[in-house]
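# Breakdown of the fold
Now for the letters of each chain:
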Amino acid sequence: MGERLSQLLINNYLADLDRLRRVSGANRESVVREAFKDLLKAWGRSRDLQFIPEHEYITPAKDRRYIDGALLHDLRVPFGYWEAKDTNDDLDDEIAKKFRRGYPQTNIIFEDSTKAVLIQSGVEVIRCAVDDVENLQKLLELFFGYQRPEIADFCKAIAQFKLDLPAVLKALRERIDAAYSESKPFAAAARDFLKQAKETINPAVADADIREMLIQHILTEDIFARVFGEGDFHRENNVAKALYALERLFFRGDVKQQTLHALEPYYAAIRSTAALIQSHSEKQAFLKAIYENFYKVYNAKAADRLGVVYTPNEIVRFMVESADWLCEKHFGKSLIDRGVEILDPATGTGTFLVELLEHFRGRPAELKYKYLSELHANEVAILPYYVANLNIEATYAAIAEEYAEFPNLCFVDTLDNTDALRTHTGQHFGDLIGGISTENVDRIKRQNDRKISVIIGNPPYNANQQNENDNNKNREYAEIDRRIKATYIRESTAQKTKLYDMYSRFFRWASDRIEDDGIVAFVTNRGFIDKRNFDGFRKLVGQEFNDIYIVDLGGDVRDNPKLSGTTHNVFGIQIGVAISFLVKRRGASGHRIRYGRRPEFETKEEKLVYLHNSDLEHAAPDLIHPDAKHNWLNLTSNDFATFLPLATKETKAAKVPGQERAIFKLFSLGISTNRDEWLYDRDRKTLEKKVRHLIDAYNAVSAKEKNVPNTLKWSRNLKRRLARNQRESFSAKRIGRASYRPYSHRWLYQSVIFTDELGLADELFPPTGKNQGISFSAPGSRTDYCVLAIDGLADLHFGAAVDGYQQVTRYRFSDGQRIDNIADWALAEFRAHYGDKAAITKDDIFAYVYAVLHDPVYREAYALNLKREFPRIPFYSDFRRWRDRGRSLLDLHIGYEAADPFPLVRTDLPDERVRATGQTPRAILKADRDNGIIVLDAETQLSGVPAAAWDYKLGNRSAVDWVLDQHKEKTPKDPIIRERFNTYRFADHKERAIDLLRRVVTVSVRTVEIVQAMRAAPR
Ligand SMILES: C[S@@+](CC[C@H](N)C(=O)[O-])C[C@H]1O[C@@H](n2cnc3c(N)ncnc32)[C@H](O)[C@@H]1O
């Protein structure tokens, strides 16, 4: 835990103690002990330890004792104990007395509100006065730092499990495959099961999925039987029964024992941990641990794809309480009232339902009805499905003191269950026939017939996979994706809107599923709040719902690299998180958005403590008035919208010039090769060799191949092209000089097949055509703005690896013809504004635009606009002067290699030792800005770099830094490139690099002069 939070908690404790003493007028144990209890609770929460008051403890002599409090670990083994005494007692006498009565001595704090004593493994470790902040902190840290041997054993067992599992999985897979060919009854039953699974879960289920289900079933069977031995809920469950039946056909007795033998140490650790698990809440959290740990070890990819992460209890409780409050506020009903049906569509371990049951505690009659008829949950993976089933049934049994099967848990793919949406989409997908078990089908049908009022949960939100070689793609969902296209995407103005990630799909599904009056409460990725491509989503949510509440928990590491996922994100991930509540009221019109944002650097623990102590009304206090473009945050009110658009989707798509309403007709994202190491090179010859190799490797793969070999880097597009048997032969004509990074040209092979997204590359910069253009930060970029003139194709990641870059060009090409890319409409607009006398040409416009994009006043005033949309160009008063500035900048930037070298002073200090070994000096390529020095390698440096040179920035780097960066020796990621084509050595390029640096310093200094002069210029 952070220093800040621990001190805050101790200070709160001392203040509480003081207050309680004053209020109670006495130091009575029962009153003042509350303060220490709260301290332990809060500290424990930050470490996922749960505080249980009056903890029942069975002594070794089998006597029952009640300890004032216990903190329980994730695995529900007691982690530590606390015993409070009266100030008037003699604390040491009391300690001795308790130990005689069999109290645990493993890790226990005794305190009497004046002093505290910590005993670990029977030995006193520290004692201090409670107002001795420093020592109290030490005591608590020791207490919370304790590791019980059982936990250590469990962690060891998991490590062992990781090692043994692959062999066991292989054996199990082989057994199942063998059963298909050897056992007719098994093959028939499996076929039947598959048919049913396709209908119930989703049509994409295949034999391999059935096999995986069986494996999950087999591996967890033993664990559940041991932990929940007595009740054996597992064997009662309808889906489990079907899997048992299948399993029995091929996997029994000795065969089973032998196969699972390797996992025995793991099971043994679980057995010993399970033996210590007594109460219901302990079992519940044990299941959570199994859910996350087991799944991640068993199948990390599936765990990521499905979002197998449990939801911290503070979030679940906050959402349940808030949903109840909203229900009351907007519909005059509580969640427990009849007719309010609640569904968790991605239930995981069932935490939301468990919390709802807790929430309804104390109202037995209503609770029973709710449980049997109006609480619903879905899960698509077998292991969580079992866990949820156990968890929900065990919680109900503990609260209601009677066991009742939970009849509303469905084994189903929610997003594929579009039958449930038929009333809204007008689609009817035919009745489900058959099923994993008829009971499961009945359950799904029953759920689909219900009017659901509240949809609550934590749907999965893994972003699209990063790398096609992962083969971990999200499935496609035809119907939901069609709905997304017809709504969120249709209403978006963004160029390439991809909103098929899992959380958008769940939002779409839930919005369609909820009827008239209803609430959707989800905790998800926070991107929808302010990402540009979610503008259509924001617009639609405003139309489909009437009251929107958002608690923005931040923690987006990609937006703010200073954050850390583990420290600042409530799920410990890189993607920011938000909780949203969308309320739809029958007959209501208009919508109100309420929003609250947690401080950027608040830690995960602080956020959870906040949610624990807050409520929705306070957590989302600000009323948001979206602007016309459906922005919710960072609203701008300025005249940007009145300027001339640089480029628009509409003008790009216009069929006739008369429809064009932007300066440039075509624009395109930079080229996205997805295999830069193969398609770019400094050296033309090496590039040719690489491309020939690539073509051969690709041609060696048949179009029918399902499992492509790892002989080259695949991507979805390349796999598609292979399937279509698209081929390409080498052509030297496709090599062009590209603007790869600022002030760093490379040779590029403009391949139609191997370039992942060619965009309009061939129209803007055909390899043999001459052209000029401007590359600029695409809307949504995270790094600082970047604008630069280019004379070859710009790369998608021109100014930063994490961002995309757009480009507009002076000309475009069609069938080998060069055509003007500046619209006649724009020329007419400029002429109308400045008058015919100005005799403005399209070249003038190009230069003028380039000047405006460098204007520091413009860049500052419209910074937020430029982050969100394409530039728009204002008419400044003195057109000629601005055009001339633009021309000077264009000449400088396009012609940078011919700029005068800046007189930097070169110093060489030969490194004799290295020379004696025949090696070249080590490349360093670093700048020392404060002293105006550039260090090239262990021998050479340049000095006298003027301070202004560093001020010329393209994104987050100065021009000089770009040159240095692009000359570094980097180890190629691709092993084939690394071994066969990695010929780059800085030493071979050193002299050219020095020459280039001198010229780029001149360019930088001149650019800064021009830009500075702009500041004072009239506009
Ligand atoms: C983030 S977890 C839910 C965690 C849960 N609230 C808890 O605390 O245990 C998401 C769960 O949804 C399930 N899931 C993913 N896609 C699903 C789908 N299409 N239909 C139903 N469940 C799905 C995953 O298997 C996973 O268990």
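Refer to the preceding data block for the structure.
Summary of the structure given here. Just so we're clear, the structure is a prediction, and the values are computed from it rather than from any experiment.

### As for the sheet that holds strand E28 (residues 923-928)
With antiparallel pairing, the four strands of this open sheet are ordered in space as E27-E30-E29-E28. Single-partner strands in this sheet number two, and they are strand E27 (905-908) and E28. Neighbour-to-neighbour, the strand axes of this sheet turn through a mean angle of 15 degrees, independent of strand direction. Of the pairings in the sheet, the one linking E27 to strand E30 (residues 940-943) comprises four bridges and is antiparallel in character. Paired with Arg-906 across the bridge in E30 is Leu-942. The strands touched by helix H39 (residues 959-966) within the sheet are E28 and strand E29 (933-937), with E28 carrying the most contacts at an inclination of about 170 degrees. Sitting on the sheet, helix H41 (residues 986-1016) is in contact with E27, E28, E29 and E30, with an inclination near 160 degrees to E29.

### Notes on helix H29 (residues 684-699)
In this model, H29 (16 residues) spans 22 Å end to end at C-alpha, consistent with the 22 Å of a helix rising 1.5 Å per residue. For H29, the complete set of buried residues consists of Thr-686, Leu-687, Lys-690, Val-691, Leu-694, Ile-695, Ala-697 and Tyr-698. Next to the buried residues of H29 lie helix H28 (676-679), strand E18 (680-681), helix H30 (716-723), strand E19 (735-741), strand E20 (744-749) and helix H40 (975-981).

### Some remarks on the nonpolar core
With 140 residues, the main nonpolar core has Leu-219, Ile-315, Met-319, Phe-528, Ile-579 and Trp-632 as its most contacted residues. Per-element accounting of this core gives the leading share, 10 residues, to helix H17 (residues 382-400). Excluding residues within four positions of it along the chain, Ile-579 makes contact with Ile-315, Phe-318, Met-319, Phe-522, Val-523, Tyr-549, Ile-550, Val-551, Leu-553 and Leu-611. In terms of nonpolar packing, the next biggest core, distinct from the first, is built from 114 residues, Leu-793, Tyr-876, Trp-882 and Trp-950 among them.

### Digging into the sheet that holds strand E17 (residues 667-669)
The strand order across the open sheet formed by four strands is E17-E23-E21-E22, and the pairing between neighbours is antiparallel. Looking at which strands have only one partner, the edges of the open sheet turn out to be E17 and strand E22 (787-790). Strand-to-strand, the axes of this sheet are offset by a mean angle of 25 degrees, without reference to chain direction. Bridge count between strand E21 (residues 773-777) and E22: four bridges; the pairing is antiparallel.

### Looking at the packing of aromatic side chains
By convention here, two paired aromatic rings are described through the distance between centres and the angle between planes. The full count for this structure, using the stated rule, is 50 aromatic pairs. Here the aromatic rings of Phe-640 and Tyr-862 are separated by 5.3 Å at their centres, their planes lie at 40 degrees, and the arrangement is tilted. Taken together, the positions of Phe-640 in the loop between strand E15 (622-624) and strand E16 (644-645) and Tyr-862 in the loop between helix H34 (856-861) and helix H35 (863-868) put the pair 222 residues apart, joining distant regions of the chain. Residue classification places Tyr-862 among the buried residues on the basis of a relative accessible area of 10%. Residues Phe-830 and Phe-879 carry aromatic rings whose centres are separated by 5.9 Å and whose planes lie at 65 degrees to one another, so their mutual orientation is edge-to-face. Taken as a pair, Phe-830 in helix H32 (residues 824-834) and Phe-879 in helix H36 (residues 879-894) lie far apart in primary sequence, 49 residues in all. Across the pair, Phe-879 and Phe-830 agree in class, each one buried.

### Describing the pairing of strand E24 (residues 811-814)
Pairing of E24 with strand E25 (residues 817-820), which is carried by four bridges, proceeds in the antiparallel orientation. Pairing of Tyr-811 across the sheet is with Asp-820, part of E25. The hairpin turn running from E24 into E25, its antiparallel successor, is two residues long, and Asp-815 in that turn takes a positive phi close to 50 degrees.

### Looking at the packing of helix H9 (residues 238-248) against H17
For any two helices packed against each other, one specifies the crossing angle of their axes together with the interaxial distance. Closest axis-to-axis distance for the H9/H17 pair is 10 Å, and the angle between their directions is 135 degrees. Between H9 and H17, the angle is such that the two are oblique. Between H9 and H17 the crossing geometry is left-handed. Between H9 and H17, the residues in contact are Asn-238, Val-239, Ala-240 and Leu-243 and Ile-382, Tyr-385 and Tyr-386, respectively. Looking at the contact of H9 with H17 residue by residue, the classes come out as six nonpolar, one polar and no charged.

### Comments concerning the side chain of Lys-665
Checked against the element boundaries, Lys-665 lands in the loop between helix H27 (649-653) and E17. A residue is classified by how much of its surface remains accessible, and Lys-665, at 8% relative accessible area, is buried. A polar contact is formed between the side chain of Lys-665 and the backbone oxygen of Ala-654, at a distance of 2.9 Å. Among residues more than four places away in sequence, those in contact with Lys-665 are Thr-651, Lys-652, Ala-654, Glu-660, Arg-812 and Asn-821.

### Some words on the pairing of strand E12 (residues 547-552)
Most of E12 sits out of view: six of its six residues are buried. Every second residue of E12 is oriented toward a common face, with Asp-547, Tyr-549 and Val-551 on one face and Ile-548, Ile-550 and Asp-552 on the other, all of them buried. When E12 meets strand E14 (residues 592-597), the two strands line up parallel, connected through six bridges. Across the sheet, Val-551 pairs through a bridge with Gly-596, a residue of E14.

### Thoughts on the site of the ligand
Residues in close proximity to the ligand total 23 residues, the closest being Tyr-291, Thr-311, Thr-349, Thr-351 and Glu-379. Separating an oxygen atom of the ligand from a backbone N or O atom of Thr-311 is a distance of 2.7 Å. Separating an oxygen atom of the ligand from a side-chain N or O atom of Thr-351 is a distance of 2.5 Å. A class-by-class count of the residues in the shell around the ligand yields 13 nonpolar, eight polar and two charged.

The rules behind the values
Residues numbered from 1 in each chain as written. Predicted model: local features only at pLDDT ≥ 70, side-chain atom pairs only at ≥ 80, totals over all residues. Heavy atoms only, no water. Pairing = 2+ DSSP bridges. Helix = DSSP H or I, 4+ residues; strand = E, 2+ residues; numbered from the N terminus. Axes fitted to C-alpha atoms, helices over the stretch in contact; angles between N-to-C directions. Contact = heavy atoms within 4.5 Å. Expected span 1.5 Å × (residues − 1). Buried < 20%, exposed > 50% of the residue type's maximum accessible area, 1.4 Å probe, protein only. Core = buried A, V, L, I, M, F, W, Y, C linked by side-chain atoms within 4.5 Å. Phe/Tyr/Trp six-rings, centres within 6.5 Å; stacked < 30°, edge-to-face > 60°. Parallel < 35°, antiparallel > 145°, perpendicular 65-115°, else oblique. Left-handed = near helix turned anticlockwise from the far one by under 90°. Nonpolar A, V, L, I, M, F, W, Y, C, P; charged D, E, K, R; others polar. Polar contact = N/O pair within 3.5 Å; in protein donor to acceptor, adjacent residues only side chain to side chain. Near = heavy atom within 4 Å.

No statement about biological role is implied by the geometric values presented.
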